[in-house]
Structures are given as structure tokens and as C-alpha cells.
Amino acid sequence: MTELFINDEEVTVPAGTSILEACRKNGVDVPYFCYHPELSVAANCRMCLVEIEGMPKPLASCCTPVAEGMKVITHSEGLEKDRAMIMEYLLINHPLDCPVCDQGGACKLQDYAVEHGMGHGRYIDEKRVPSDKDLGPFVNTCMTRCIHCTRCVRFADEIAGTGDMGVLNRGDHMLIEGIVEDALESELSGNLSDICPVGALLDKPSHDVSRPWEMKKHKSTCTQCPQGCDIEIESRNDEVMRIRPAKGGVEPWICDRGRYVYDAFRSDNRLLTPRVRQGETLTDASWDDAIAKAVSLLKGKRVGIVFSPDWSVEGLTAIRLLRDTAFADAKVAFELHRRDMRPFAFEEGLSMSTKAIEGADQVVVLGSDIRQRLPILMQRLRKRANAGKPITRIGAMHYRTNADIAVDALIRPRDWHAVIASAMVQLTELGKLAAGMDAWLAKVDARHEAGKLLADALIADSCAMLVGEEIRCHEDAAALIHGLDLLMRAAGHTEVGKDGRNLLPEGMNAQLLSDVFGDVRTSAGTLFDAASQGELDTLLLVGSDPVGDGLFSRQAKAALEKVDLVQVGAISGDMGQYAAVQLPASAYSEVEGTFINMEGRVRVAENPLRSLGEERPMWKVMMRLAQALVHEVPAVNLDEIRKEIIERAPLCAALADVWAGESAKSVFIPSARNKGATLPNMASLNVAKALDVVSRYSMYREGAWARASALLSEAGRIHALDDLIVHPETLKELGLEQGELTVLSNTGAETFEVGTREDVSPGVLFVAKRGVAGDLSGETSVDLQGGQS
Amino acid sequence: MSASEMPKFSEERLAEIDALVKRYPSAKSALMPVLYMAQQDFGYLSMDTQQMVADVLQLRLMEVREVVTFYTMFKEQPHGKYLLEVCTNASCMLNGADELYAHMKEYLGIGPGEITEDGLFSIAEVECAGACAGAPVVQVNNIYHEKATAESMEALITKVRAGEAI
Amino acid sequence: MISSDPKKVQRICFDNIEVENMHKLEVAKKHGAYAFLPTVLNEFDTDRIIDEVKTSGLRGRGGAGFPTGLKWSFVPRNTGKPTYLLCNADEGEPGTFKDRDIMRFNPHLLIEGMIMAGFALGVKDAYIYVRGEFLHEYNVMCEAINEAYAANLLGENILGTGFSMNLLMHRGAGAYVCGEETALIESLEGKSGRPRFKPPFPAVEGFYACPTVVNNVETISTIPAILEHGGAWHAAIGKPNNTGCKIFSVSGHVNKPGNYEVPMGTSLRTLVEDFCGGLQHGTVPKVIIPGGSSTPWLLGEHYDVPLTYDDIMKAGSFLGSGAIIILDETADVVAVTRRLAHFYAHESCGQCTPCREGTGWVERILNRVDAGEGTQADIKVLKDASAHMAGRTICALAEGAAASVLSMLKHFPEEVEAKLAEKSS
Ligand SMILES: Cc1cc2nc3c(=O)[nH]c(=O)nc-3n(C[C@H](O)[C@H](O)[C@H](O)COP(=O)(O)O)c2cc1C
Ligand code: SF4
Ligand code: FES
């Protein structure tokens, strides 16, 4: 620790802290432009000058470390003169167009000009006029306003990892440039407008739409992925105008998916009134009529329930309450990606915080396209990679990450057993053992060299294992995950009875779902099959779109053709065409609800937006249905629902503390731990065919919300994934050429254009889930043949 | 531009670059020397050439762009076969560089950034060449001509035009 | 050609500068090159070398005049990271042209200095960063380095002593600011040459974040003599705290501009009158720019100043790189300032607000003033815009840019006024 004096006040800060940070920590205001707490220090704006006793000239406080006994002065006549002069330098080439600038009212330049400027400029020569850039659908530029602080360039390098922004030329010809074709190669591009301290980089979608001072702010939780970022929703007249990372949130950034989904909130796709089908069309109806219609389709019927996990925990629990009161036999599915339903399935959620993952000596990523699925976690990993900390990755594709992956191995899904087995052998040789490993190993003959890489990563002092969708969706997932648990134990990263791995969940609230629905859940695929085989009469879909998302779209389509659909949700989307009745539920921006993210962090929304239409919170919709169906209301208010939650979800007991007013910061919901040890069941694997199928997720296209957003759809078009790809070697081995090829699957033969890429594992067919061959996602293996079948 | 028209280093160059890269702690350090090679081989650094350099060194195009635009000796535009660079900084100025530069522009009939019709000459005003004892200094394709005069420069230009070696 | 030496004075770097073909290893060896190298490699160690250099009083010849031995002693040892030695041959300061002569006429002196300095610092890879315009010098150096490799003076196990070091020439590409040591490091890393703020200092975290020493060509070229003759020998030359000899690049309004190496403390008048053949016009200079264009101006009254760091500082300027530009009575100081302002605006790397905007602004105002279109208000802005650049930026370029403007305003207000008056008349 270092003691120093700031304006004669004695303060103590950790050694190596910059003077500016010492000032900020101690509430002393020092003006700055280029400094940003999340970015490297550039020290180029020179606004943060302070005086230090004994120094002849003022020094930039952002890049000067504190020293013992140092005497810092942050305000003096001399400094005010310097700051006024810096403002004057900055403004000589600035257009001074505040009245027409979106940043007006939230602009550092404007604020400081008022506070430190001289009031009039003395510059009379011509101003520099750099041209604007096309940075894609999300970022608007007005480069005449740029003050060259390079925050955006550092953001692109250090956070987005794209390095596609840069500084051209020098002197006062210096230019900030982006190299872009259609759009910035970044899923974090929306943050650029936030970090630009002036009006040079602006949010394009909200450009000219609204002014900062017209906006009302609502703290909320983004449910677009299990990261559950803290967001601030800005609204005007109860309409969502934009979404930004919440100040003081866990992460300073949010991804473009979470940010630009906002236009879905007020799109035509929103379900704002109840609707009932009349022939070809759905027409607006009163709640009473719609409920009556729903009851006619549900009462006394064989019902299957499919819901999405991103409702608040209160809404989700209400679904269970409805089921128990009205359809006691109904099976429930809430996950559209799982093939293996053995008990592992409920033990989702991370066992480490993302901060701990960032800090681990080793991170090993198994079968996950983290950048698409969890862009903010990826950003953390990128930060560690930038700091020279290794990331090991094993999976079916070298998914693009914009980060240095130290060790990267390609394998097929069918190789996972052999990879884990090899790692077990390696650890055994090093004397690292875990009870149960022998039995596991005995069931697997094959070995795979990538196991060595896994073992190498595991023997680090600390190792964070991230288990992704390639394993979670595996037919033998339970056994694989059990094997990984054994490895973590053998390597000493966790104890018996626990597991150290972090299973990346599909959506929010995973911890609660395993507790509340463990006993009644089934695979969505099984449920749809039952429906199409006439075993069900009606499907109750709650915010889920199983045709657009997940692995079972073919089965879902077949089922929906066959049975009646009662749809509850905030987005009508593609399910609208099947629905007999639609009941509108409040969006996540509109509820006073609780959310749990993948780490177990809890958030309770406090000042939600008002409903735009007739939509009601999910729990109310569920209770209303229960009342209409069986004249019984299991819970009449949020408190009663919450009581039910604590009863039904013992692992989530800590929620009670949050509801009782304890700071959410101190509460973590643990994930359930491995319940059933499962040995490999190789016999069940459907590997009769030559190629394993892996389906790819697109952050811009997955989920009903994203598809309802025009902005994200446009980004999805720009960042479209290849429809079908294989490794060139694979084609060579099969004696085939790139082009029109026939895919033979369990459901028949279809011809597609198949491309090649070097960065996918040989022996794998990659299918873009939302591409032309998306239905193939449901297959685990296929054969490939030449031309037309 | 079709693939065949894209600039491409010769095999010898690539081997040279391979060897050079090894002499630095990181390949990025070889960027400036490789840009010089590209400039020598292709005359100037077009966007395609910059992309090629980026590919060869496995850098991002932006990393190359930043460097190309920062340094005055990297040229993004073609120039005459002979680039006449007149230093007009203090010591040369005190010894008549401004007049020399004005004279040469007029003599060649071009301004900075232009090329004479025969494609032979371009002219530029440059900063201190580090040869102030020889003021005024004119560099011709980086060969120094010290104590340059209107006559000596005219003679040089005449020689070039006559196809003689200078 | 090197300017001839009218009086036999003591010289160090230029000792053999007139020897024909001195750039060839064979010739250089005949004149003593590398003769003492085996002794250094076999018998000296880091501490002894650093001690000798400290004793010698040698101060860096690149501009800042920082004691070389002290700089070397800051390099942390046993960090597990390589230590790099970078020779600064960027020589971009207007008026400076001394390193060029060392490189083109006596490259082996620099190479020998690099080997000795590299040995002292435990360096495996050393680089000489030469300005891009010096193509000829680059080629001469490359050839000399090749010869040195062939003679096992560089590379693996030098002269069987077990010490190995590589040396590579690296060309800049037209950016004055790359002479600033941290910009040089950035440039050598393949980036734009934008200076880094300090700390961390290069000695601790420089080239690729490893311990790094940056020294000027002349500094390095002085090392062989210091080690051969001893630090005390060097300390006895010149004046206390300003020891040894220094090459002065004299240009401008003198009859025989050129590089002259003289013992420190020689008076400016002696240098100009005895070595440079006197002024072109008049008997006393109007302006003396004593250490390169970035240093504040001295006037005729300082004509007798002894050429030492301390004396010139006392007179109000800096010895800098020893580049002396003499303006005689015919000089138009506003035009010269305008030209220098153009230089700094052109060479500013652009990162610091005051320098990026200030240098351009000052240039535009001076263009107007010099064209007779200036106003009184311009003069006030000139002063403010220059004064608030100096010392408030990452590197010293901005301070250098301000030096001439502030000097002009201070010493020649009437001439500036006269330019303003031109318009009204
Ligand atoms: C703008 C600027 C330009 C500089 N140019 C040079 C140069 O061309 N050559 C040089 O040796 N030092 C130059 N320096 C000084 C270097 O930063 C550094 O102090 C020097 O190379 C250290 O070597 P020395 O200790 O041997 O003098 C420059 C400094 C600044 C601020
Ligand atoms: S003072 Fe000028 S040249 Fe130096 S770092 Fe700042 S902007 Fe660049
Ligand atoms: S915040 Fe310190 S220089 Fe910009």
C-alpha cells in the first residue's frame, strides 16, 4: 500500500495504482477523456494533468503511478489554464454541432467545455474534415467530432479482439479508421458508441430517434443468454428505445444480441393482446374469450408442455404449479438441445465465477463456440489470452474467437470417449487418480491423442474446464460428463462428491430448473414424437419455438401439424402459424421477477417498464389458466409463488434472502452436483454412418426474440454461417468433390450445396442450425454421396 | 481484380522473408523491411499489396495500414521512376533550398504528387535529410546529392532523360 | 567527405575517420579495430565494464545527455527475459548529421562498440535502427556486419570466448519521432512510431516488454576507447561532468559546415572560427541553435559559450545532439521559425492532444504571419499554444516544437511585429 496526499488529504491506495485511479477511488474529480477503467492506458488526451510537488511541469495522472508521500494537487490556477488550453486544442477541429448531436447531454467534451473551457475559440483557420466510415448496422460515425482518444481502437484490440480499428497517418492528419466490409467483425460492436466519450461513434439504430434526457432508465437482466448481464433499458413513453450495460454491473459490456434485441420489444412480432384463431387468421380477442378457447383445448386433454428457460423464476415455477394442478400426468420439456436425459442433465450451471475462470492458470474449452454463445465470457477469456494465459480447446471446429488459443485440437463428437480415456490414462501415469476412473476406463477401448492436451491442461495448479454444447447435446452426455468429473477430481481440482467442471447451460435459471422440474421432465424430441404418434392432444408452448430453435425441429413440425397448440409468450414469431390461441405474457423488461445466471448470480428486477398492451406476467397467466381449468389458484401473489419456490427448490433457498432484502451481490445459487454416476454406453451411439453431425448456433438468429428483431436479423444476414461444411480431407476420402452432394440420414436423402473449410474436424458435417439444412441438426450422423440421389 | 493479378512475392523473396522473420523476437518486427521489399518489387504499396504483406506475415490488414500511413517513405501512390526529394529544412533553407525546390518544380513542370509525362520524375519537399553540411540536399531515389544547385539538378535530369546512368 | 581537421585536437569517434577504406574490416583492423575486443570478452565482466563507463563520465550523445553507465546499471539482471541493445541511428533532429559519418566511414567502430556494450549487458540480439533515408549508410553497415560475422566477431561463440551475439540493421521509413527511444522501440516492433509513456522505462520494459538499452551511435562508438584506455582516461578529457570529446554538426551560415569532433568545453567561437571557416556574413551570429532544432535559441552574446552540457544549460538552452545551426545577420527568423514549425507539425506522431493540434495550429498561424497576414491576436495564440505544449506531452517533441517559437517571440519581437506591419503597409 502507498500513502500519498491528494489536495492535502492523506489517502492510501495499493502500490502501483495510478494517480488518476487514486483520485477516482477517493472521490476526487479529475477530468479525462482517453482513460477508461477497462482499457489499457494510452495517456494521449492530456486532460488529466495534475501537479505534483517538486515536479517542474504538470503530469498526466492516468499514467503516473503513485509514490510514497507524493503530494498531488488536482486543482490550481495553472491546471485550469492547462485544461482550458487542452479544451481549446480539442475544439479547434471540432464542428461544435452539439445541438444536432446525439451525444449532446451525455458528452464529456460538452461537459468539460462548460467546466474547463474558455467560452470562446480563437481558431480561425480551416477545420479538418475527416470522412465518415461505414461500420455496419450498429455503429454510426461522425468523424469530425473525433478527439483521437483511441478508446475505440483499444476496445477493438483488447476487448473485441478484432483489431479492425486503427490509427492512420500522424500529426493532425491522424485518423481513426475501421477496416470493415459489411460490419465490424465483432459481436460486441455496440459498445463502441458507449465508450466513445464524444459524438464520433454513435449508436446507429437509435440515431436521431431520441435524446438522452428524454429517456427513463430501468435496471434489468438480459435473458438472451445464460450470462444474464446487468442491463439498463432506456425507454420513452414505456417503449424500449435502447439497451445498455448497467453502470456498476458485473460486466462493463454487453453483446450486440442483448443490446439490439430491443427492437423486438416494439415489433409486430410482440404478442400484446390475446388472440384466437379463426380459420386462417389469428384475431385479437378478449382475455376471457382467449382463456375460454385455451380451456377448450386443454381441459381433460392429454397435454404436453414445452417452455423456454428464460422466464423469471417466478414465472417458471408458476408453470410447474399449473401443471401440478391441471395436468398432473403431463410431461414437461424445457431444453431443446438435449439427447441424453440421464440425471447429469440437471446439474447445470458453472461451478466457478467467470472472474475465477479468467484468473485460472489453465482454461480448457471442450466443444463450445463460446464467442457465439457467451460473448461476454469470451471477452473474459480474451482478456486472459491477451495477458499471456493459455487457453486449451478441443472440439469439432476451430471456432473463431478473436483470441489466441494456445492449444487447439479438432475431434469428432464420437471421439470424446477416447479423448477422455486418454486423459485418464495420462493422469493415471502421473499417479493422479480418482475413485471410479478404472471402471469408466474399462468401458472404453479407443484412445485419442487430444486426450494428452486435455491432461496437460488439467495438471496445471488451477484449471477451469468449460463443457460446451458438443458434449451437452451428445447421446452419451451423462457418461462423458461423469468422465470429466472424474478427471477434475483426479487432477485435484475438486473433491469427491463434487465436480469442478463448468457445464455451460443453454439458457437462464438452470439451477432452479433442475430443482423444480427434475421429476417431470422429458426430452423435447420424445414429447414431439409422442404428439405426432397421437399420444397427445394439445401442446402448451410457453415462449418456446421448437421449430426455429434446437435439435428437434423436424419432430416439432410433425407434432404441430398433428395436435392443437396453445401458445403463451411475449413473441408470436413462427409459432403463430400453428397456434389456435395465443396468450400474451410480459417481456423480461416488464416484470418484477427474479433471474439466476449461469454462475448462480441473482437479480431481481425492480422498476420494470409498464406493459405496452394487455400482456400479463407469466405467473399471472399461468394462475389464470389454472383457475379456468380447475377452479383452483395455487398461488395468488408473488409472495406465495416465492414460497413455493423455496419449498420446491431447496438449492435455491438463498433466494429467500434476496427477497427479504439482502444485497444480491452476496448471494450465489449453487448448481446441483452430479447425482448419478454414469458409465459410458457406447452401444447406444448412433455412429453407423460415416460423418458426425454438429449443428452451429448463430447468436443473431437463435431464439424467438432475436428472430423478431429486425436489427439482429440484419446482422444475421451479414454474419451468415456457411450452411453445410466439411473438411476438404473428408471429401477426398469419400472420393467426392465440393458442390451439390446428397446427405443420407435416418430421415431420408436430401441434396445440398456442401462447402469445405480447413478449420473443421475431418469426419464432421457442420450444419448451420438456421440455414437451409437446419433440420439436419437433429441427426447425429449421416452419410454423404455424390450429386443427385 | 482476379486472383492472377493479385501481387505475389517471388519464391526467393518468401525465402528471404522467412529468414528475416527469424531474426526478430516476433514476425511483426519484419513488417517494415517486408514493406520495403514489396515497395521495391511492386513500385508502391497498393491496398492489394498491403493485404499480401499482411497475409505473408500473418498480420491484420489494419496493422499494415497503420504502419504504411505513418511513415512517409512508404508510398501508397505510384510515383515517377526517379523521386527527387528536396530538403527544405532549416540548414538547407538557409542555403537556398526553397529557391532550388521552386526551380525544379518549374523545370519539370510538376508539383508534388505528380509525375512527369515521360513517367520519369516526381518531386517532393522533405524534412531534414541528416546531411546539413551538404546543404541544400536533394535525394534521388535515396541517393544523396549534396550542395545541389539548379545547374547540377538540371544536368542530372538531362542525363536521366538521355538514358544515361546517374 | 568528412570535413578536414585544421588543428590537431583530440578525437575519439573520428580518430581514424579520414583513413581510406576504413569501412573495410581488413583496413579497420590495421588501424586497431577489434584489437582490444578479446581482452574485453575474456577478462572483463558486466560490473567492471559498467564501472569503467561510469568512471568515464560518458553522457549519452543522442540528445538527453543521460549518463550512460548509470543507464546500463538500471537494467535488471536475471529476469529470465532476454535483454536487448538497440542502437539509435535515426538521426532525424534537424541539423544533426554526425552518426551518418561514423556509419559510412567507420562502421566497425560502431560494431565493436555494440559487441562490447552487448557483452556488458548480456545481450543476445542487438539491432541498429537507422533512418530510412540513410540507404547508403545502411548498405555500408550491412556489409561491415557481414564481414564481422564472417570473421566470427558476431554470431555464435565470438572469437571462441563463449559470448554470442547477433546484430541486425533495421531501417526506419521517414519519421523523426522514431528517434525518441520508446517510439524507436514501437517502430522496431513493427508498429507506428508512437512514443510510450514512462514508467515503465525501457531499461525494465522495453522491446517486447523485455529489458532494453537504447543508445546513440556516437555513445556506442565511444565505448571501445573507454574500455581500452580506461574510464579515467576519458574522464580527463573535457570538463568535469562534461567529459570526453563530442562531435558537433555545424551547419547554416558558416563557410565550412561539417562534423567536427573536439574535446568538450571548446568554445563555440573557436569551433566556428577555427574549424568552420567563420560566418558567411558578419562577425557574430544572429542566432545560435546549439543542440538541434528542438533546443531554445542562443544569441550572439553567447558566442563564447564553452560547448558543454552544463554551460549551454546555464546559457538557457541544451547541448542536445550537438547539432549547431548558425544563423547570421541575413537570416529571416520568422521564416526559419515557420519552416521549423512545419517540420514539427509534419513529424508529430499525433497522439497527444497539445502536440497534434498545437503543432498544426502554430504552423498555420506562422504561415500567415510570415506571409504578412498575421494579427496581434495571432501572437498571443502563438505564445499560449506553444507554451502549453511544452512539457505536457508523452515525449519531448512538443517541447522541441515550442522551443523555436518561444525563442523567436522572446528575442525578436520587433521582427515579428514588422511582419504584422507588412499587411497594413
Ligand atoms: C523527438 C525526439 C527525437 C529524438 N531523436 C533522436 C535521434 O535521432 N537519435 C538519437 O540518438 N536520439 C534521439 N532522441 C533521444 C532518444 O530518445 C534517447 O534519449 C537516446 O537515443 C538515448 O541514447 P543516448 O543515451 O546514447 O543519448 C530523440 C528524442 C526525442 C524526444
Ligand atoms: S509529444 Fe507529439 S510526438 Fe511526442 S508522443 Fe505526443 S503527439 Fe507524439
Ligand atoms: S486520461 Fe490521462 S492523458 Fe487522457
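Residues numbered from 1 in each chain as written. Chains lettered and ligands numbered in written order. Predicted model: local features only at pLDDT ≥ 70, side-chain atom pairs only at ≥ 80, totals over all residues. Heavy atoms only, no water.

Asker: For the interface of chain C and chain B, give the residues involved together with the corresponding values.
Answerer: On the side of chain B, 39 residues touch chain C, which itself brings 58 residues to the contact. Interface of chain C and chain B: buried area, both sides summed, is about 3,600 Å²; carbon and sulfur atoms make up 56% of it. Between chain C and chain B we count two salt bridges in total. One salt bridge connects R339 of chain C with E127 of chain B, and the closest N-O pair in it is separated by 3.1 Å. Seen at the junction of chain C and chain B, the total is 22 residue pairs in polar contact (both at pLDDT 80 or more). Among the secondary structure elements, those contributing two or more residues to the side of chain C that touches chain B are β2 (123-130), α7 (135-150), β3 (166-171), α8 (181-188), β7 (245-252), β11 (323-327) and α13 (333-347) of chain C. If one sorts the elements of the side of chain C that touches chain B by residue count, α13 of chain C sits on top with nine residues. Among the residues forming the side of chain C that touches chain B, the class breakdown is 28 nonpolar, 19 polar and 11 charged. (Contact = heavy atoms within 4.5 Å. Buried area = accessible area lost by both parts, 1.4 Å probe. Salt bridge = Lys/Arg side-chain N within 4 Å of Asp/Glu carboxyl O. Polar contact = N/O pair within 3.5 Å; in protein donor to acceptor, adjacent residues only side chain to side chain. Helix = DSSP H or I, 4+ residues; strand = E, 2+ residues; numbered from the N terminus. Nonpolar A, V, L, I, M, F, W, Y, C, P; charged D, E, K, R; others polar.)

Asker: Which residues make up the pairing of strand β18 (residues 391-395) of chain A, and what values go with them?
Answerer: Residues and elements named next belong to chain A. Across the five residues of β18, five count as buried, placing the element largely inside the fold. Side chains of β18 alternate between two faces, with I391, R393 and G395 and T392 and I394 buried alike. Note that strand β17 (residues 362-366) and β18 share four bridges and pair parallel. Residue pairing across strands places L366 opposite I394, the latter belonging to β18. Two strands pair when backbone bridges link them, and β18 and strand β19 (residues 407-410) are joined in this way by four bridges, in the parallel orientation. In the sheet register, G395 faces β19, and the bridge partner there is L410. (Buried < 20%, exposed > 50% of the residue type's maximum accessible area, 1.4 Å probe, protein only. Pairing = 2+ DSSP bridges.)

Asker: Tell me about the site of ligand 1, residues and numbers included.
Answerer: Residues and elements named next belong to chain C. Taken together, 18 residues form the shell around ligand 1, and within it G62, N88, N215, N216 and T219 come nearest. In this structure, an oxygen atom belonging to ligand 1 sits 3.3 Å away from a main-chain N or O atom of G92. Measuring from a nitrogen atom of ligand 1, one finds a backbone N or O atom of G179 at 3.2 Å. If ligand 1 stood free it would expose 610 Å²; the protein chains cover 90% of that surface. Of the residues that constitute the shell around ligand 1, the class distribution is four nonpolar, eight polar and six charged. (Near = heavy atom within 4 Å. Areas by Shrake-Rupley, 256 points an atom, 1.4 Å probe, with all protein chains shown as cover.)

Asker: Which residues make up the packing of aromatic side chains, and what values do they have?
Answerer: All names here are of chain C. This model, assessed by the stated rule, comprises 31 aromatic pairs over all chains. Aromatic side chains Y176 and Y344 sit 6.2 Å apart centroid to centroid with 75° between the ring planes, which places their arrangement in the edge-to-face category. Separated by 168 residues along the polypeptide, Y176 in the loop between β3 and α8 and Y344 in helix α13 bring together distant segments of the chain. The pair Y176 / Y344 is uniform in exposure class, with both members buried. (Phe/Tyr/Trp six-rings, centres within 6.5 Å; stacked < 30°, edge-to-face > 60°.)

Asker: Give a description of the interface of chain A and chain C that names residues and reports values.
Answerer: If you look at the interface, chain A gives 33 residues, while chain C gives 35 residues. Here chain A and chain C share an interface that buries about 2,900 Å² over both sides, 52% of which is from carbon and sulfur atoms. Looking only at chain A, the three residues that lose the most surface to chain C are Y89, R122 and R170 of chain A, adding up to 25% of its buried area. There are eight salt bridges connecting chain A and chain C.

Asker: I'd like a description of helix α7 (residues 150-161) of chain B, backed by residues and values.
Answerer: Residues and elements named next belong to chain B. Its 12 residues give α7 an end-to-end C-alpha distance of 16 Å, which sits within 8% of 16 Å, the value for a rise of 1.5 Å per residue. Residues of α7 that are buried include every one of M153, L156, I157 and V160, and no others. Looking down the long axis of α7, one finds its buried residues gathered within 95° of arc, a one-sided arrangement. Check the buried side of α7 and you find it contacts β1 (82-87), α6 (97-108), β2 (121-126), β3 (138-140) and β4 (143-145). (Expected span 1.5 Å × (residues − 1). Arc of directions from axis to C-beta.)

Asker: Talk me through the sheet that holds strand β30 (residues 748-756) of chain A; I want residue IDs and the actual numbers.
Answerer: All names here are of chain A. Strand order in the closed barrel made by the six strands is β27-β31-β28-β30-β29-β32, with mixed pairing throughout. Averaged over all pairs of adjacent strands, the angle between their axes in this sheet comes to 45°, without regard to strand direction. For strand β27 (residues 691-696) and strand β32 (residues 781-786), the ladder comprises two bridges, and the chain directions are antiparallel. Directly across from D692, in β32, lies its bridge partner S781. (Axes fitted to C-alpha atoms, helices over the stretch in contact; angles between N-to-C directions.)

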